Amino acid sequence: VFLKLTPLLLASGFLLYIVTLISTHNFMLSRQGLEIVEVLAPAELDARDRLRSAWKRIFRQTANLRSQANQTMQNGPHQEFANIIGAAALASTPAKESLPIPAPVDGDVTMMLTATVSQIPQLASITQKWTGPISVAIHIASESDIDDFFIFYQRHKRKLGKVSFHFLLERFDNRSVKSLGSPLSRLLQLASDQSQTDYILHFDIDFVPDAGSYPRMVETLQTDKEVRNMVDEQTILFVPKFEWSEAYYMNLTSEAARTGWGIPESVYPTDRESMRTLFTNEDAASTKMPYFRRDNEENPLIAQKWVGARNGSWYTVPFQPGFEGIALTRRNGVPGYWPNFTGPWYPKVAFVEECDAHGYKLAVLKKFFAFRTRKADPLPEVERWANDQYKAFRKHLPDRYQTHFAVPTVEDFETKLVQPSECQIAIDGNLSTAAALTSDAREQKLLCEWYDFTQSKDHRRQVPRVIQGVNVDRKNQSIGDISLVIHGSIDRMGRLLNNAKRWVGPISVAVYTKTPEQIQKSFAFFKEHSDKLSKVTFHFFFEKILVEKEKLYPHNYVRNCALNFTDAEYVIILDVDFVPNRRAYGDLHDLVLNDTRVREALDNKTLMVLPAFESTMEVDEDSVNLGLAPPTKKDLIREVNVTKTVEAFHLAKFQPGHGPTNFSKWYNYTNSSFYKIEFDDGFEPYVLAKREGLPWFWTGFRGFGKNKLSWYEDADVMGYQFAVLRDFFVFHIGASSTSETFPWWTGYEYKSVFQIYLDVKARDRDPKKSFLFQSRKNRFEGYYY
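The shown structure was predicted, so the numbers you read here are calculated from the model rather than taken from an experiment.

**Considering the overall build of the chain**
Here is step 1: Helix and strand counts for the chain come out as 27 helices and 26 strands.
Here is step 2: Relative to its full complement of 785 residues, the chain shows a buried share of 54%.
Here is step 3: Pairs at least 24 apart in sequence give 81% of the contacts found in the chain among residues at least 6 apart.
Here is step 4: Summed over its atoms, the accessible surface of the chain is roughly 36,400 Å², and 52% of this surface lies on carbon and sulfur atoms.

And the structure:
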């Protein structure tokens, strides 16, 4: 009987054991959940429940949604949630909806991080060192991740008072998709978008900053104008990254210490001097560049240069492919993270590379550093699909200098219909095609466009052909037609009336606009003088003033706007306070049509100079008296030689500016309709040119200095020749002075950016004419003087 019952007893005992295990496990799970309920505050409970509900709701999607998400994310269905819990916790808000932004603190910096739930405990160490705001994007790949996060949060929430958490929920559909890794790029962008200060420190969860870095960094941005201007003007400021050297790990006795986890915090460097000592003793080393570098060569931005640097607060460095670092940047205007990267390989590398392509300069802060808290795990070999992602990214990169000239443009303003719901300023948004032609309707549409601009992320926007005079006929432009190209702000538009009197041909005018009141003044000016402006086309250039430098007038942005949207075959690029001689339009038009030598010269890259003159008498700056301008060359020569009331423009003050014109020859020249001259450094005349193929004006210059001169240097590099027209000139009306000095950054922009741009152009045109540097390496070393 015993033998017969033994199998039954064994089976019953095993079944009882299994039931006991399951019951115990379920009890443990319920107890864990109960403990969370007991310790979480109501807001935290609400946040956890919302994430759980979101997880269940999102991932009960159809196969079609998964397929669509796979195409865009490669990782399956996902959704982002911003500020769910933490310092900036709000109501349930998807990340792509607008969030209220508090009043900014001048120079404030947010540390930006990404993490998986398993990496979150490292935050406790970071918050001991960094006392400022932190924006963390967390990858949630399962419901248990949600519970694990809130367990961590309830234990450490006192240390997390300035941390805001954002979540990317994502389900891995299968093992092959999971092998693609977390969507690091999207996490980085989520953390960046939700930062609410003017500046961001793009940090790494495996590092800690040096002690007191937050208040020192804010103080640096508030008091060091040089550093502030650099980060505001397209410079990435890197914080050096260090880690324990291999030799240091080898000398440790415990196995735990050799992995980095057993090293006590007391031996970590806390300031620059302790970091220098560790590096000098070879106990610490700069982090490696894992991509594109042979044998994981040390990052060239760090090494001995940071350790040996004493004076100053920064030093510049060349860009090198493969570099990824901890970067201090502005929150606005910086290129975003390329969204299609997954896994650990390329997102930050691509970010730095795209910044370089957009013309950003690189520099290293001397007084800050970050230190890795544990031994880095070796990166797996780069997967083939990751390399394919990188190749796709490289195709997306713009030409290195294209972004200097690119401005968002409203191409359809003429036909665009405005709906009242789209514009709070609109009175009658339903404009018919016929009504859209009236001045009042155009003003209303432009005010709506301004409102849209202020709500957008655009830094600048141009709206072409907003106002057109009654005699402007774009469809019937005559062959060889010539347009004046003029720019200015509305407070200087009164001078435009002088040009309209002297020049009876088309005029393309770009109006610089910073406020809606300037739009209203522009339309009022046009309505008052519409009979005199019948051949004028007005374009509007909008700009938001984000940094101190942008308070200066952006000559070249606005010049490009006026030049780009003129329809004439030939142009004369003028400043608004210059006027041509009388009957200049008709005589020049006939000259271009009938003198084959002039036409051939213009069509073959020759800039025809119109000599510039000014009055010798004291004139008020606001004077718009056209009577001061001689009408003909004969009258002008008489006033130069007899009455002495006219002289060559700035010839005595800055001879290179107009000296190559050779005024003495021009006074007496009677042979052909023009004579050739040689370009020389500093030459900045006013010219007649064929519009097609002209270079753009370099937009890095603002205010006084280099803005026009640089364009002629660019033209010279492109192979343009120069000649002087015999019977034509321009005259400056108003006070003239060269006493103004340009700020320090104008010289830096000219030497360290614009000259490199010219070098690239010269090399592309003829490799033998690379007048600065002879190799890519030297080119980038010379990028920073």
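Don't stop here, the text continues.
**Observations regarding the packing of aromatic side chains**
Here is step 1: A full pass over the atoms with the stated rule returns 40 aromatic pairs.
Here is step 2: A centroid spacing of 5.6 Å and a plane angle of 35° characterise the contact between F541 and Y557, whose relative ring orientation is tilted. Note that F541 is positioned in strand 17 (residues 536–543) and Y557 in helix 19 (residues 555–564), a separation of 16 residues in sequence. Each member of the pair, F541 as well as Y557, carries the same accessibility label: buried.
Here is step 3: Grouped by ring-pair contacts, the aromatic residues F679, F683, F697, W711, Y712 and F722 constitute a single cluster.
Here is step 4: R330 extends its terminal NZ or CZ atom over the ring of Y199, reaching a point 5.5 Å from the ring centre.
Here is step 5: Between K544 and the ring centre of F453, over which it is positioned, the NZ or CZ distance is 4.8 Å.

**Comments concerning unusual backbone geometry**
The phi torsion of most residues other than glycine is negative, and most of the peptide bonds are trans.
Here is step 1: Residues other than glycine seldom take positive phi values, yet R583 does so here, at roughly 60°.
Here is step 2: In this fold, R583 is placed in the loop between strand 19 (578–580) and helix 20 (584–594).
Here is step 3: In this structure, K644 is a non-glycine residue whose phi angle is positive, near 60°.
Here is step 4: Tracing the sequence through the fold places K644 in the loop between helix 22 (633–641) and strand 22 (646–648).

**Some words on the environment of N604**
Here is step 1: Checked against the element boundaries, N604 lands in the loop between helix 21 (596–603) and strand 20 (606–610).
Here is step 2: For N604, a relative accessible area of 56% translates into the label exposed.
Here is step 3: Taking the C-alpha atoms as reference points, N604 and G719, 115 residues apart in sequence, are found 9.8 Å from one another.

**Overview of the pattern of salt bridges**
Here is step 1: Counted according to the given criterion, the structure contains 21 salt bridges.
Here is step 2: Notably, a salt bridge pairs D232 with R228, separated by 3.7 Å at the nearest N-O pair. Pair noted here: D232 and R228 are both in helix 9 (residues 225–232), with a separation of four residues, about one helical turn. Pair check on accessibility: D232 and R228 agree, each one buried.

**Regarding helix 20**
Here is step 1: The set of residues buried in helix 20 consists of A584, Y585, L588, H589, L591 and V592. Viewed along the axis of helix 20, the buried residues span an arc of 160°, placing them on a single side of the element.
Here is step 2: For helix 20, the elements touching its buried residues are strand 15 (482–489), strand 18 (570–573), strand 19, helix 21, strand 24 (686–690) and strand 25 (721–725).

**Some thoughts on the sheet that holds strand 20**
Here is step 1: Ordered in space as 14-17-16-15-18-24-20-25-23, the nine strands form an open sheet in which the pairing is mixed. Of all the strands in the sheet, the pair left with one neighbour each is strand 14 (460–468) and strand 23 (674–677). Recorded for the sheet is a direction-independent mean angle of 25° between the axes of neighbouring strands.
Here is step 2: One ladder, built from six bridges, connects strand 14 with strand 17; its direction is antiparallel. Within strand 17, the residue paired with R460 across the bridge is E543.
Here is step 3: In this fold helix 18 (residues 516–528) packs onto strand 14, strand 16 (507–513) and strand 17, with an angle of close to 170° to the strand it touches most, strand 17.
Here is step 4: Contacting strand 15, strand 18, strand 24 and strand 25, helix 20 runs over the sheet at an angle of about 135° to strand 15.

**Looking at the nonpolar core**
Here is step 1: In this structure, L496, F538 and L688 are the most contacted members of the largest nonpolar core, which totals 54 residues.
Here is step 2: Considering every element that reaches this core, the biggest residue donor is helix 20, with five residues.
Here is step 3: Beyond its immediate chain neighbours, meaning those up to four positions away, L496 contacts I486, I507, V509, L533, V536, F538 and V576.
Here is step 4: Counting 49 residues, the second-largest nonpolar core is a separate cluster that includes A115, I120, F203 and V218.

**What about the pairing of strand 24?**
The side chains of a regular strand alternate, residue by residue, between the two faces of the sheet.
Here is step 1: Taken across its five residues, strand 24 has five buried, putting it largely inside the fold.
Here is step 2: Because side chains alternate across strand 24, one face comprises the buried residues Y686, L688 and K690, and the other comprises V687 and A689, equally buried.
Here is step 3: The sheet contact formed by strand 18 and strand 24 spans three bridges and is antiparallel. What sits directly across from Y570, in strand 24, is K690.
Here is step 4: With three bridges joining them, strand 20 and strand 24 adopt antiparallel strand pairing. Paired with L610 across the strands is Y686, a residue of strand 24.

**Some thoughts on the sheet that holds strand 8 (residues 241–244)**
Pairing between sheet strands relies on hydrogen bonds along the backbone, with the strands arranged either parallel or antiparallel.
Here is step 1: The strand order across the open sheet built from four strands is 6-13-8-9, with neighbouring strands paired in mixed fashion. Across the chains shown, the open sheet's two edge strands, defined by having one partner strand only, are strand 6 (207–209) and strand 9 (284–286). For this sheet, the mean angle separating the axes of adjacent strands, direction not counted, is 35°.
Here is step 2: Of the strand pairs in this sheet, strand 6 and strand 13 (residues 370–372) are connected by three bridges, and their pairing is antiparallel. Across the sheet, the residue bridging to F207 is R372, located in strand 13.

**Details of the packing of helix 20 against helix 21**
Here is step 1: Between helix 20 and helix 21, the shortest axis-to-axis distance is 5 Å and the interhelical angle comes to 90°. Viewed along their axes, helix 20 and helix 21 adopt a mutual orientation that is roughly perpendicular. Contact residues: helix 20 offers L591, V592, L593 and N594, while helix 21 offers T596, V598, R599 and L602.
Here is step 2: Class assignment for the residues of the contact of helix 20 with helix 21 results in five nonpolar, two polar and one charged.

**Section: the packing of helix 8 (residues 213–223) against helix 9**
Here is step 1: The N-to-C vectors of helix 8 and helix 9 enclose an angle of 90°; their axes lie 5 Å apart at closest approach. By the angle between their directions, the pair helix 8 and helix 9 is classed as roughly perpendicular. Residues T220, L221, Q222 and T223 of helix 8 form the contact with helix 9, whose participating residues are K225, V227, R228 and V231.
Here is step 2: Split by residue class, the contact of helix 8 with helix 9 holds three nonpolar, three polar and two charged.

**Focus on helix 5 (residues 143–156)**
Here is step 1: Taking 1.5 Å per residue, 14 residues should reach 20 Å; helix 5 reaches 21 Å between its end C-alpha atoms and fits that length.
Here is step 2: Where helix 5 is concerned, the buried positions are D145, I146, D147, F149, F150, I151, F152 and Y153.

**A word on the pairing of strand 18**
Here is step 1: In strand 18, alternate side chains face the same way, and those of Y570 and I572 on one face and V571 and I573 on the other are all buried.
Here is step 2: Relative to strand 18, strand 15 is paired through four bridges, and the arrangement is parallel. Looking at strand 18, one finds that I482 is bridged to Y570.

**Concerning the confidence of the model for the chain**
Here is step 1: Put simply, the chain has an average pLDDT of 76, and 73% of its residues get 70 or more.
Here is step 2: Within the model, pLDDT remains below 50 along residues 23–40, and this stretch shows 14 contacts once partners closer than five positions in the same chain are excluded.
Here is step 3: Residue range residues 86–102 is modelled with pLDDT below 50. Its contacts to residues more than four positions away, or to other chains, number 36 contacts.

Rules and cut-offs
- Residues numbered from 1 in each chain as written.
- Predicted model: local features only at pLDDT ≥ 70, side-chain atom pairs only at ≥ 80, totals over all residues.
- Heavy atoms only, no water.
- Helix = DSSP H or I, 4+ residues; strand = E, 2+ residues; numbered from the N terminus.
- Buried < 20%, exposed > 50% of the residue type's maximum accessible area, 1.4 Å probe, protein only.
- Contact = heavy atoms within 4.5 Å.
- Areas by Shrake-Rupley, 256 points an atom, 1.4 Å probe, with all protein chains shown as cover.
- Phe/Tyr/Trp six-rings, centres within 6.5 Å; stacked < 30°, edge-to-face > 60°.
- Lys NZ or Arg CZ within 6 Å of the ring centre and 35° of its normal.
- Salt bridge = Lys/Arg side-chain N within 4 Å of Asp/Glu carboxyl O.
- Arc of directions from axis to C-beta.
- Pairing = 2+ DSSP bridges.
- Axes fitted to C-alpha atoms, helices over the stretch in contact; angles between N-to-C directions.
- Core = buried A, V, L, I, M, F, W, Y, C linked by side-chain atoms within 4.5 Å.
- Parallel < 35°, antiparallel > 145°, perpendicular 65-115°, else oblique.
- Nonpolar A, V, L, I, M, F, W, Y, C, P; charged D, E, K, R; others polar.
- Expected span 1.5 Å × (residues − 1).
- pLDDT = per-residue confidence, 0-100.

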